[in-house]
Amino acid sequence: MAAVVKTGLKPIITLKNASTGYGIAQALWNVSLELYPREIVALIGSNGAGKTTVLRVLSGVLPLWNGEYRLNEEAVKGYTAPDLVHKGICHVPEGRQLFFGLSVEENLRMGAFALKKSRAEINKSLEWVYNFFPEIAKRRNQLAGTLSGGEQQMVAIGRGLMGNPTLLLIDELSLGLAPVIVDRIYETLQKIYQEQGITILIVEQDMELALSVASRAYVLENGSISVSGTSKELMDNDKIREAYLGV
Amino acid sequence: MDLQVIINGILLGGLYGLAAVGFSLIWGVMNIVDLAQGAYLTLGAYITFWLFKLWGIDPFLTLPVSALILFGLGFLIESQIIKRVLRYGFVMLLVVTYGLNLLLQNAMLVAWSADYRSVTPAYSGAGLNIGGVNIPYIRLALFIAALLLVGLLTIFLNKTRVGNAIRATALNRLAANLVGIRTEFIYALTYSLAAAVVGMAGSLISMVYTVSPNLGGAFMTKIFVVTVLGGFGSLPGAVLGGLILGITEAFTASYIAPGLMNAVSFILLVVILIFRPQGLMGKQFYGA
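In this report, we go over the structure that sits alongside the text.

**So, the overall build of chain A**
And then number 1: Regarding its fold elements, chain A presents ten helices and ten strands.
And then number 2: Whereas a compact globule of 247 residues would reach a radius of gyration of roughly 18 Å, chain A reaches 18 Å, a difference of no more than 12%.
And then number 3: Structurally, chain A occupies a C-alpha span of about 50 × 45 × 40 Å along its principal axes.
And then number 4: Taking all 247 residues of chain A together, 53% fall into the buried category.
And then number 5: Intrachain contacts of chain A at a sequence separation of at least 6 include 70% that bridge at least 24 residues.
And then number 6: About 11,000 Å² of surface is accessible on chain A, with carbon and sulfur atoms providing 49% of the total.

Below, the structure written as structure tokens:
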């Protein structure tokens, strides 16, 4: 495995030999990965490979059976999802999981729940998010359940950003969205990344898209990481090209 | 139309509405049909009865005591029992809350016997007479108190940080967790709050009904009808459902037969469900 170590930087997230699952069904075997400050990393793999499970571990929704999870070199043990939100990890979940009965703006405001900020500060964050996604600014008073898929994804990402994350986890960003919308959202993500210097981990089935956005990637196969490296290395890897790109 | 019958129904309906909001809240937020609500109501009624009987405390002043005791009991029951059963799903919770109801009801039977008791403050007989329509002061006061309590709860849910967290948890528990809401605590809080509210309803009800361990059982049927009529999870719906049930009962008792009150209420329920299965105001809480 080609580990990419950025000199002088300490990882914000370390998973070491992590195993977990649901009930008695094991889903991850000895997964190790590291995330550094200021990078976009992709987690790639086919359906059922365990991508979503990795995100659930990182956001504290699913506890580990075995192995280590460290956040800024400190062991994460007994933390629940709300604890980790308070520590700056925001998870944009699969299927977006918006509060359908609340308006767009109420959804975004809920994203800042953990921060205990003043109303004025929250309003400032709101304008900041609307600036990135003017599409949803127009619909701020509309119920979230009435939006199109692309707009819902923007609200979901916006809600994650409202939590002022140092690490943003985004699950299946492109699932069910038109390519033009997907491009539009990835462009904005890159803008946010450059402006904020946060770390973003994206889960993506579309390998080519993922590698064009991320600087590094991990490939999951049957609950284990099979390959990892820089996007360029993976693009040049014949086996990967054959398995995921069909060329 | 007999104005007196409508007034009677409305005054009664306010109490039904208050009695149902806790049940409705638990159903809406936690997806639990809490059959123990009847026992909490009875307990609230007994708390008022004993404070009145032993120390002569005005029944209206016993409301905070009922609320506090039932909040504590609710918290204990949620954190020690309900929480552990949650992951086994809806049917198991139905069985557990049914069992809790029996347990509490029988405990009250052992402790205080099956005797019918009543709370009779000095002002319980007086009333207002406007153009031949008689309005007992106490019923009017109960109605106002009930609406006031539902109003306060509504403001709490819509305007406060904790209230927002409860609503968000109701809409999507996973998403609530992911924005940093401690939903386990929200569940305990919602359950305790609901127990406190139905306890206060019991305190109010003790002033116009006789108190016995069976009081809550009789009210459970009404709570169920009111909640489904109004739409579960909706507080305004519970009030509306309460008023409709109150008026329906008053009319049935006056013009058909008192014994058919429950039958007519359930027929009304079925008819409304056929045309509006989500209840009259069921969408408000859940949105799209």
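**Quick word on the overall build of chain B**
And then number 1: When helices and strands are counted, chain B shows twelve helices and two strands.
And then number 2: Secondary structure elements in chain B, listed N-terminal to C-terminal, are α-α-α-α-β-β-α-α-α-α-α-α-α-α.
And then number 3: Whereas a compact globule of 288 residues would reach a radius of gyration of roughly 19 Å, chain B reaches 19 Å, a difference of no more than 12%.
And then number 4: With the principal axes as the frame, chain B shows a C-alpha extent of 60 × 45 × 35 Å.
And then number 5: Classification of the 288 residues of chain B by burial places 52% in the buried group.
And then number 6: Long-range contacts, defined as pairs at least 24 residues apart, comprise 76% of the intrachain contacts of chain B with a sequence gap of at least 6.
And then number 7: When the accessible surface of chain B is split by element, carbon and sulfur atoms take 70% of a total near 12,200 Å².
And then number 8: Positive and negative charge centroids in chain B, built from 14 and 7 side chains respectively, lie 12 Å apart.

**Quick look at the pattern of salt bridges**
Residues and elements named next belong to chain A.
And then number 1: Considering all chains together, one arrives at twelve salt bridges over all chains under this definition.
And then number 2: Glu172 serves as the salt-bridge partner of Lys51, at 4.0 Å between the closest nitrogen and oxygen. In this pair, Lys51 sits in helix H1 (residues 51-58) while Glu172 sits in the loop between strand S7 (167-170) and helix H7 (179-196), placing the two residues 121 residues apart along the sequence.
And then number 3: The network of salt bridges with shared partners includes Glu105, Arg109, Glu127 and Arg140.

**With respect to the packing of aromatic side chains**
And then number 1: Summed over all chains, the structure comprises twelve aromatic pairs over all chains.
And then number 2: Ring centres of B:Tyr40 and B:Tyr191 lie 6.1 Å apart, and the angle between their planes is 90 degrees; on these two criteria the pair is classed as edge-to-face. Pair noted here: B:Tyr40 is in helix H2 (residues 37-55) and B:Tyr191 is in helix H8 (residues 183-205), with a separation of 151 residues, a long-range link.
And then number 3: A residue is classified by how much of its surface remains accessible, and B:Tyr40, at 0% relative accessible area, is buried.
And then number 4: B:Tyr191 gets classed as buried once you look at its relative accessible area, which sits at 0%.
And then number 5: Stacked on the ring of A:Phe113, the Lys or Arg B:Arg161 has its end atom at 4.0 Å from the ring centre.

**Some points on the pairing of strand S2 (residues 133-136) of chain B**
Residues and elements named next belong to chain B.
And then number 1: Because side chains alternate across S2, one face comprises the buried residues Val133 and Ile135, and the other comprises Asn134 and Pro136, none of which is buried.
And then number 2: Note that strand S1 (residues 127-130) and S2 share four bridges and pair antiparallel. Its bridge partner being in S2, Asn129 is matched across the sheet by Asn134.
And then number 3: In textbook terms, the turn of a hairpin is the stretch between consecutive antiparallel strands, and for S1 and S2 this stretch comprises two residues, one of which, Gly131, has a positive phi near 50 degrees.

**Side note on the nonpolar core**
The nonpolar side chains of a soluble globular protein tend to be buried, and buried together.
And then number 1: In terms of nonpolar packing, the biggest core is built from 86 residues, with A:Phe99, B:Leu18, B:Tyr40 and B:Ile181 touching the most fellow members.
And then number 2: Considering every element that reaches this core, the biggest residue donor is H8(B), with 14 residues.
And then number 3: Setting aside residues up to four positions removed in sequence, B:Tyr40 forms contacts with B:Asp34, B:Leu70, B:Leu73, B:Ile77, B:Leu104, B:Tyr191, B:Ala195, B:Val198 and B:Gly199.
And then number 4: Counting residues in each nonpolar core, the second largest holds 47 residues, with A:Ile44, A:Leu161, A:Ile202 and A:Leu209 among its members.

**Here we look at empty space enclosed by the protein**
And then number 1: Throughout the structure, instances matching the rule amount to one cavity of 30 Å³ or more.
And then number 2: Space inside the largest cavity adds up to approximately 80 Å³.
And then number 3: Residue composition of the lining of the largest cavity, grouped by class: eight nonpolar, four polar and one charged.

**Topic: the sheet that holds strand S5 (residues 74-75) of chain A**
Residues and elements named next belong to chain A.
And then number 1: Spatially, four strands are ordered S2-S1-S4-S5 in an open sheet, and the strand pairing comes out antiparallel. Edge positions in the sheet fall to strand S2 (25-35) and S5, since each of these pairs with one other strand and no more.
And then number 2: As paired strands, strand S4 (residues 66-71) and S5 are joined by two bridges and run antiparallel to one another. If you follow Leu71 over to S5, its bridge partner there is Glu74.
And then number 3: Relative to the sheet, H1 contacts strand S1 (13-22), S2 and S4, its axis offset from that of S1 by approximately 115 degrees.

**Quick word on the environment of A:Ile122**
Residues and elements named next belong to chain A.
And then number 1: Along the chain, Ile122 falls in helix H4 (residues 119-132).
And then number 2: Between the C-alpha atom of Ile122 and that of Gly163, which follows or precedes it by 41 residues, the distance is 9.9 Å.
And then number 3: Residues in contact with Ile122, not counting those within four places in the same chain, are Arg109, Ala112, Lys117 and Met162.

**Description of the packing of H2(B) against helix H9 (residues 215-230) of chain B**
All names here are of chain B.
And then number 1: The interhelical angle for the contact between H2 and H9, taken along N-to-C directions, is 130 degrees, at an axis separation of 8 Å. Looking at the two axes, H2 sits oblique to H9. Considering the relative orientation of H2 and H9, their crossing is right-handed. Here Gln37, Gly38, Leu41, Thr42 and Ala45 of H2 lie close against H9, whose contacting residues are Leu215, Gly216, Phe219, Met220 and Ile223.
And then number 2: Its residues placed into classes, the contact of H2 with H9 shows six nonpolar, four polar and no charged.

Thresholds, definitions, all that
- Residues numbered from 1 in each chain as written.
- Chains lettered and ligands numbered in written order.
- Predicted model: local features only at pLDDT ≥ 70, side-chain atom pairs only at ≥ 80, totals over all residues.
- Heavy atoms only, no water.
- Helix = DSSP H or I, 4+ residues; strand = E, 2+ residues; numbered from the N terminus.
- Rg over C-alpha atoms; globule rule 2.2 N^0.38 Å.
- Buried < 20%, exposed > 50% of the residue type's maximum accessible area, 1.4 Å probe, protein only.
- Contact = heavy atoms within 4.5 Å.
- Areas by Shrake-Rupley, 256 points an atom, 1.4 Å probe, with all protein chains shown as cover.
- Lys, Arg positive; Asp, Glu negative; His and termini not counted.
- Charge placed at Lys NZ, Arg CZ, Asp CG, Glu CD.
- Salt bridge = Lys/Arg side-chain N within 4 Å of Asp/Glu carboxyl O.
- Phe/Tyr/Trp six-rings, centres within 6.5 Å; stacked < 30°, edge-to-face > 60°.
- Lys NZ or Arg CZ within 6 Å of the ring centre and 35° of its normal.
- Pairing = 2+ DSSP bridges.
- Core = buried A, V, L, I, M, F, W, Y, C linked by side-chain atoms within 4.5 Å.
- 1 Å grid on protein atoms, 1.4 Å probe; cavity = no way out; pocket = protein on both sides within 12 Å on 5 of 7 lines; lining within 4 Å.
- Points joined across faces, edges and corners; volume = space filled by probe spheres on them.
- Nonpolar A, V, L, I, M, F, W, Y, C, P; charged D, E, K, R; others polar.
- Axes fitted to C-alpha atoms, helices over the stretch in contact; angles between N-to-C directions.
- Parallel < 35°, antiparallel > 145°, perpendicular 65-115°, else oblique.
- Left-handed = near helix turned anticlockwise from the far one by under 90°.

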